[in-house]
Amino acid sequence: EFLHCKGKKFTNFDEIRKEIEDETDRVTGSNKGISNIPINLRVYSPHVLNLTLIDLPGLTKVAIGDQPVDIEQQIKNMIFQFIRKETCLILAVTPANTDLANSDALKLAKEVDPQGVRTIGVITKLDLMDEGTDARDILENKLLPLRRGYIGVVNRSQKDIEGRKDIHQALAAERKFFLSHPSYRHIADRLGTPYLQRVLNQQLTNHIRDTLPGLRDKLQKQMLTLEKEVEEYKHFQPGDTSIKTKAMLQMIQQLQSDFERTIEGSGSALVNTNELSGGAKINRIFHERLRFEIVKMACDEKELRREISFAIRNIHGIRVGLFTPDMAFEAIVKRQIAQLKEPVIKCVDLVVQELSAVVRSCTDKMARYPRLREETERIITTHIREREQRCKEQILLLIDFELAYMNTNHEDFIGFANAQNKSENANKTGARQLGNQVIRKGHMVIQNLGIMKGGSRPYWFVLTSESISWYKDEDEKEKKYMLPLDGLKLRDIEQGFMSRRVTFALFSPDGRNVYKDYKQLELSCETVEEVESWKASFLRAGVYPEKQETQENGDESASEETSTDPQLERQVETIRNLVDSYMKIVTKTTRDMVPKAIMMLIINNTKDFINGELLAHLYASGDQAQMMEESAEAASRREEMLRMYRACRDALRIIGDVSMATVSAPLPPPVKNDWLPSGLDNPRLSPPSPGGPRKPAPTAQGSAGGRGPPPPPASGRPAPAIPNRPGGGAPPLPGGRPGGALPPPLLPSRVTGAVGGAITQQTGANRYIPDSMRNQINQAVGQAAINELSGVFAQRFK
């Protein structure tokens, strides 16, 4: 089965080969292109082992066809993408008819696996070596050693492939080759494709067992993470109405809980740590924003006195007023009270805006059911809008109550008799009622100071009722300056084109310098909310905002405003004190009653509506089955979560089975494998492999060094033993032969020719065989061995 042809099964090898070629052409084109997209093929058979084989390309040195110029580097990157993984084994495949020391596969494997723990050498094309040469020393891991050694295989030749030679026949031929070859017959059980399969299966088992503890811990952590999220999906049935009804009830209950916690506050992990929201933001609107809007509305002293002066003179008419008219007081107070409507309505709007944001935040958990979320938001928002209109009517009614009757007998009202005296005493003493208490601390930036003077950087400000000081940092150890607040005002500063900060300024109305040689001190914050909060704090310290002066009409108005009538000035001052005293009572009552009205008519009512009536409205709004339809994203996420959960659970079960049912083999000891990086510099550690330029190799009884000794001299005297490896001593015997005293076995050599004969004369008992009989013995023994092996294979593979 191919991954790109799911569900289609291939049983004909020719069709499989054609599909691989076709898919390669589809991905890379038909002109030798390359791609790092693998072709996934899964083979089902009782005769194959449970292995995953990734067939990586060989290194291409020169680009041909549609191949890119840097094809060698691209193929290297593709190979490293796979062999760098610690969970894979590396098969370093090298043909026997090339120089092993120049093997690209061994070089790349050494880079990612310097200890040789994951690398297994594979030698191919043993049957294509030059006559008289072999790879015995390589396969015995003596010439160029690897920790896991080498395994030789003989694959089908191109002629066999074109002749459609059967795989079973190819395996039998491979086995026959190793058993009949004099250099490989003693290690035939450790050569061939079946042995390579068994070794890979065992090594992969070992590797899996070594990596299982870490893999198990990772899977268990992932499964615990998924457990909570999957809990609600385990028994979910998309068509089960009872489960959907239960889900809707649970979501409404969760909404009720989240809404109440957001308004009332809680210490849960869901608390917003980035900005004010919910009840905290509404609290700021009640106690800072409302106060600021009210004071900003009626803080212009000059404008107020002008209005009082006109009111007094208009009430007297053509008569000369001997006494201060109370109707002037009432007219000015009503005008001031009527101006309260704008800030209180704005306060309601801000609260409703924040409540809507709270509702949207609380319905985020309903995103799985978009129709339910949309309907829930619509119902709650509609109710909030209804309550908003009702609340505005009630608050405006409170203002109308104040306009309906001037309670001059209020206990906090100073009365006509005390108005003048209190004003004079306040002007003489100038004392503040607050004392020098700390009102607020926080960071602000001084905008209008140059960089060289330490400006345009954050300072730590401390605002008290009498002054504002700024320090270098929050420790308040290094004070930069202390500015008295007496006589200062606030004004807004327009933001610059590139500036994102909100700026306001402290200045003196009489034009004097505020800070050193600066007429005003410009301060900025990052958000409008911060600036509004600081302005409200300055109000508590007695620093009021500047109000734009109205354009006076004509010179007559200007001259009348600057009238110097002493009696009129006294009456204006008296009315001014009375208005100030009574408006303090009204604003105090307003600041107290407006939040209470909003809480009762909007916030608490909305809370009760969500707890008691929301569910009924949802049931009455339409079909619950349609309302509880999942979104496509939610359904996909649910399927993905369940799939991942089941995969983790099955993987943990398989890991348990593997760790209990498999038997591992010990890792071979390390070998001296520094021949790869130093092969070009040290010929002794990197002799040429059998495929390169070499002398003919000895027979199965030859030395392990891979080189044959020189021919004997012409006198016929035996040549002395020349060890080809440091340490000297006799050449090692084939594996499985005890001791070193017995002579080599009488196995004839297949090497022919003058050089071959000279070599065999000096090896073991072959020196006593006459030349006339040597060829006959070779042929007879070889033919007997081939006949015997053919009979064994015929019985085994019949």
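Residues numbered from 1 in each chain as written. Predicted model: local features only at pLDDT ≥ 70, side-chain atom pairs only at ≥ 80, totals over all residues. Heavy atoms only, no water.

The name given to the protein in an unreviewed UniProt entry is Dynamin, and the organism recorded there is Glossina palpalis gambiensis. The record in UniProt for the protein states the following under Catalytic activity (unreviewed entry): "GTP + H2O = GDP + phosphate + H(+)". For the protein, the Subcellular location (unreviewed entry) comment in UniProt is given as "Cytoplasm, Cytoskeleton". (UniProt positions renumbered as here; feature names shortened; annotations may be inferred.)

1. Side note on the sheet that holds strand β11 (residues 544-545)
As a general point, the strands of a sheet are linked pairwise by backbone hydrogen bonds and lie either parallel or antiparallel. The eight strands lie next to each other as β7-β6-β5-β4-β10-β9-β8-β11, forming an open sheet whose pairing is mixed. Strand pairing shows two members of the sheet lacking a second neighbour, β7 (479-484) and β11, which therefore form its edges. Bridge count for strand β5 (residues 458-464) against strand β6 (residues 467-471) is four bridges, and the pairing is antiparallel. Paired with Val462 across the strands is Ser469, a residue of β6. The strands touched by helix α15 (residues 528-540) within the sheet are β4 (438-446), β5, β6, β8 (489-493), β9 (502-507), β10 (520-525) and β11, with β4 carrying the most contacts at an inclination of about 135°. (Pairing = 2+ DSSP bridges. Helix = DSSP H or I, 4+ residues; strand = E, 2+ residues; numbered from the N terminus. Contact = heavy atoms within 4.5 Å. Axes fitted to C-alpha atoms, helices over the stretch in contact; angles between N-to-C directions.)

2. Observations regarding the environment of Pro95
Mapping Pro95 onto the fold places it in strand β1 (residues 90-95). Pro95 sits in the partly exposed class, given a relative accessible area of 27%. Excluding anything up to four places from it in sequence, Pro95 contacts Thr124 and Lys125. (Buried < 20%, exposed > 50% of the residue type's maximum accessible area, 1.4 Å probe, protein only.)

3. Observations concerning the pairing of β5
In terms of residue burial, β5 counts as a mostly covered element, since six of its seven residues are buried. Sheet topology note: the β4/β5 ladder contains seven bridges and is antiparallel. When the sheet's bridge partners are listed, Val445 is paired in β5 with Pro458. Linking β5 back to β6 in an antiparallel pair, the connection comprises two residues.

4. Observations regarding the nonpolar core
Counting residues in each nonpolar core, the largest one holds 65 residues, and the members touching the most others are Ile337, Leu372 and Ile598. Among the elements of the structure, α8 (241-264), α9 (279-297), α10 (301-316), α11 (326-338), α12 (341-362), α13 (370-404), α17 (566-612) and α18 (614-621) are those that each provide at least two residues to this core. If you tally residues by element for this core, the top one is α17, at 16 residues. Contacts of Ile337, omitting those with residues within four sequence positions, involve Ile399, Glu402, Leu403, Met406, Tyr582, Met583 and Val586. (Core = buried A, V, L, I, M, F, W, Y, C linked by side-chain atoms within 4.5 Å.)

5. Things to note about unusual backbone geometry
Here Lys125, not a glycine, exhibits a phi torsion of approximately 60°, which is positive. Among the secondary structure elements, Lys125 is positioned in the loop between β2 (119-124) and α4 (136-139). Owing to a relative accessible area of 39%, Lys125 belongs among the partly exposed residues under this scheme. One non-glycine residue, Lys516, lies in the positive phi region at around 55°.

6. Remarks on the pattern of salt bridges
Side-chain pairing between opposite charges can occur once the charged atoms of the two side chains come close. Tallying each qualifying case throughout the model produces 29 salt bridges. Where Glu288 meets Arg284, a salt bridge forms, and the shortest distance between an N and an O atom there is 3.6 Å. With Glu288 and Arg284 both in helix α9 and four residues apart, this pair spans about one turn of that helix. The class of Glu288 is partly exposed, set by a relative accessible area of 25%. On the basis of relative accessibility, which here comes to 25%, the residue Arg284 falls in the partly exposed class. For Asp400, the salt bridge is made with Lys341, and the minimal N-O distance between the two is 3.8 Å. Linking Asp400 in helix α13 with Lys341 in helix α12, this pair joins segments that are 59 residues apart in sequence. Residue class for Asp400 comes out partly exposed when judged on its relative accessible area of 35%. The network of salt bridges with common partners includes Asp349, Arg385, Glu388 and Lys392. (Salt bridge = Lys/Arg side-chain N within 4 Å of Asp/Glu carboxyl O.)

7. Focus on the side chain of Gln256
With respect to the helices and strands, Gln256 occurs in helix α8. Looking at Gln256, the relative accessible area reads 18%, which means it is buried.

8. Quick look at the environment of Val543
In this structure, Val543 sits in the loop between α15 and β11. C-alpha separation for the pair Val543 and Leu488, spaced 55 residues apart in sequence, amounts to 6.0 Å.

9. Here we look at the confidence of the model for the protein
In this model, the protein carries an average pLDDT of 75, and 71% of its residues clear a pLDDT of 70 or more. Within the model, pLDDT remains below 50 along residues 426-435, and this stretch shows twelve contacts once partners closer than five positions in the same chain are excluded. In the predicted structure, residues 678-768 sits below a pLDDT of 50 and forms 113 contacts with residues beyond four places in sequence or in another chain. (pLDDT = per-residue confidence, 0-100.)

10. Description of the packing of α12 against α13
At their nearest, the axes of α12 and α13 sit 10 Å apart, and the two run at 165° to each other. The pairing of α12 with α13 is recorded here as roughly antiparallel in orientation. In this structure, α12 crosses over α13, and the sense of that crossing is right-handed. Between α12, through Lys341, Val344, Ile345, Val348, Asp349, Val352, Leu355, Ser356, Val359 and Arg360, and α13, the contact on the second element is made entirely by Arg373, Glu377, Ile380, Ile384, Arg385, Glu388, Cys391, Lys392, Ile395, Leu396, Ile399 and Asp400. Among the residues making up the contact of α12 with α13, the classes are represented as twelve nonpolar, one polar and nine charged. (Parallel < 35°, antiparallel > 145°, perpendicular 65-115°, else oblique. Left-handed = near helix turned anticlockwise from the far one by under 90°. Nonpolar A, V, L, I, M, F, W, Y, C, P; charged D, E, K, R; others polar.)

11. Observations concerning the packing of aromatic side chains
Under the counting rule described, the total for this entry stands at eleven aromatic pairs. An angle of 45° between the planes, with centres 6.1 Å apart, marks the rings of Phe177 and Tyr184 as tilted. The exposure classification of Phe177 matches that of Tyr184, with both residues buried. With 4.6 Å between their ring centres and 80° between their planes, Tyr481 and Tyr515 make a pair best called edge-to-face. (Phe/Tyr/Trp six-rings, centres within 6.5 Å; stacked < 30°, edge-to-face > 60°.)

12. A few points about the sheet that holds strand β3 (residues 150-152)
The strand order across the open sheet formed by three strands is β1-β2-β3, and the pairing between neighbours is parallel. In this open sheet, the two edge strands, each paired with only one partner strand, are β1 and β3. On average, adjacent strands in this sheet sit at an angle of 25° to one another, irrespective of strand direction. Inspection of the sheet shows β2 paired to β3 by three bridges, in the parallel sense. What sits directly across from Ile123, in β3, is Gly152. Those strands touched by helix α3 (residues 104-112) are β1, β2 and β3, and its axis lies near 155° from that of β1.

13. Remarks on a nonpolar patch on the surface
Together, Ile20, Ile39, Leu41, Val43 and Val48 make up a nonpolar patch on the protein surface, roughly 370 Å² of accessible area in all. Looking at the element boundaries, Leu41 is found in the loop between α1 (13-28) and α2 (71-83). (Patch = residues over 30% accessible without salt bridge, like charges linked within 9 Å, V, L, I, M, F, W, Y side chains within 5 Å. Areas by Shrake-Rupley, 256 points an atom, 1.4 Å probe, with all protein chains shown as cover.)

14. Things to note about the pairing of β6
β6 sits mainly inside the fold: five of its five residues count as buried. Burial of the side chains of β6 extends over both faces: Ser467, Ser469 and Tyr471 are buried on one face and Ile468 and Trp470 on the other. For β6 and β7, the ladder comprises five bridges, and the chain directions are antiparallel. Bridged to Trp470 within β7 is Tyr481.

15. Quick word on α15
In this model α15 runs 19 Å from its N-terminal to its C-terminal C-alpha over 13 residues, within 8% of the 18 Å that 1.5 Å per residue would give. If you check which residues of α15 are buried, you get Val531, Glu532, Ser533, Trp534, Lys535, Ala536, Ser537, Phe538 and Leu539. You can read the cap of α15 off the contacts: a side-chain oxygen lies 3.3 Å from the backbone nitrogen of Glu530, and it is on Thr527. In the stretch just after α15, Gly542 is the one whose phi turns positive, near 90°. (Expected span 1.5 Å × (residues − 1). Polar contact = N/O pair within 3.5 Å; in protein donor to acceptor, adjacent residues only side chain to side chain.)

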